[in-house]
Amino acid sequence: MDALPALLKGLIIGFSIAAPVGPVGLLCIRRTLADGPAHGFVSGLGAASADAVYGAIAGFGVVLVTDALLGAQVALKLVGGLVLLWLGWGTLRARPAERAADARGGGGLAGAYASTFALTLANPATILSFAAVFGGLGVSAGDGNSTGVAALLVAGVFTGSAMWWLGLSASVGAFRRRVTPAAMLWINRGSGAVLGGFGIAALASLL
């Protein structure tokens, strides 16, 4: 596999993995509307970084780490579900003016990045997806050439994912000023309910 095709395939994989709207996508949209495009984009970068971590684990064949993470799925799902419930409850109760104040003093961009990075890492089954994709592309923990290809794919995954989050936050940000406080209040309520639903689903999957 040549360098350029490997990088392009990584871009496509990263973009495709990021595109489905799940809890992280919802957070990115809501933070863009409440706090601005920078917060939405940085939130997306947290998810892209976590995707790159899992992609690297799968691509470089770090078997022990992969097994340990997959073995801890129950604990990670429990933590992830509780975090989603906490985020959902906070979003459900938030009012537009209060959120603007939080953006200035509640962890800022670093907090936005860290929260989505941790939330995405709470889904270790993502490794299986990367392992299947990389395996289909003929990448393993074999010779040095395979290692180089894996590195290019991981770089492509991060870049492709980041491109999606940049486009999403910029697109949503373009309509931000058209959203009235009353509409933002209902967006908060709807987003909080959906985030809470994701959390309940994650906890229910443990039963």
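These numbers were taken from a predicted model, which means no experiment stands behind them.

(A) Quick look at the overall build of the chain. Across its full length, the chain holds ten helices and zero strands. Secondary structure of the chain in N-to-C order comes out as α-α-α-α-α-α-α-α-α-α. Considering the chain as a whole, with its 207 residues, one finds that 38% of them fall into the buried category. When contacts within the chain are restricted to residue pairs at least 6 apart in sequence, those whose partners lie at least 24 apart make up 91%. As displayed, the chain has an accessible area near 10,100 Å², and 71% of this comes from carbon and sulfur atoms.

(B) Examining the packing of aromatic side chains more closely. Under the defined criterion, the tally for this structure stands at two aromatic pairs. Summarising the aromatic geometry, the rings of phenylalanine 15 and tryptophan 164 are spaced 5.5 Å apart at their centres and angled 85 degrees between planes, so their arrangement reads as edge-to-face. Taken together, the residues span a long stretch of sequence, with phenylalanine 15 in helix H1 (residues 3-18) and tryptophan 164 in helix H9 (residues 144-174) at a distance of 149 residues. Ring centres 6.1 Å apart and planes at 10 degrees place the aromatic pair tyrosine 113 and phenylalanine 117 in the stacked group. On the criterion of helical spacing, the pair formed by tyrosine 113 and phenylalanine 117 is a turn pair, its members being four residues apart in helix H7 (residues 108-121).

(C) The nonpolar core, seen in detail. Ala18, Val24, Leu27, Cys28, Leu33, Ala47, Ala48, Leu119, Trp165, Leu168 and Val172 together form the largest nonpolar core, which totals eleven residues. The set of elements that each furnish at least two residues to this core consists of helix H2 (23-35), helix H3 (37-59) and H9. Sorting elements by how many residues they give to this core places H2 first, with four residues.

(D) Main features of a nonpolar patch on the surface. Taken together, Val74, Leu78, Leu82 and Leu206 make up a surface patch of nonpolar side chains, about 330 Å² in accessible area. Its location among the elements puts leucine 206 in the segment after helix H10 (181-204). Classification of leucine 206 by relative accessible area gives partly exposed; the value is 30%.

(E) Molecular detail of H7. Between its terminal C-alpha atoms H7 stretches 20 Å, which fits the 20 Å expected from 14 residues at 1.5 Å a residue. Among the residues of H7, Ala112, Thr116, Leu119 and Thr120 are the ones counted as buried. Angularly, the buried residues of H7 cover 100 degrees about the axis, an arc narrow enough to put them on a single face.

Reading the values: rules and limits
Residues numbered from 1 in each chain as written. Predicted model: local features only at pLDDT ≥ 70, side-chain atom pairs only at ≥ 80, totals over all residues. Heavy atoms only, no water. Helix = DSSP H or I, 4+ residues; strand = E, 2+ residues; numbered from the N terminus. Buried < 20%, exposed > 50% of the residue type's maximum accessible area, 1.4 Å probe, protein only. Contact = heavy atoms within 4.5 Å. Areas by Shrake-Rupley, 256 points an atom, 1.4 Å probe, with all protein chains shown as cover. Phe/Tyr/Trp six-rings, centres within 6.5 Å; stacked < 30°, edge-to-face > 60°. Core = buried A, V, L, I, M, F, W, Y, C linked by side-chain atoms within 4.5 Å. Patch = residues over 30% accessible without salt bridge, like charges linked within 9 Å, V, L, I, M, F, W, Y side chains within 5 Å. Salt bridge = Lys/Arg side-chain N within 4 Å of Asp/Glu carboxyl O. Expected span 1.5 Å × (residues − 1). Arc of directions from axis to C-beta.

Spatial relationships are all this shows, so hold off on functional conclusions.
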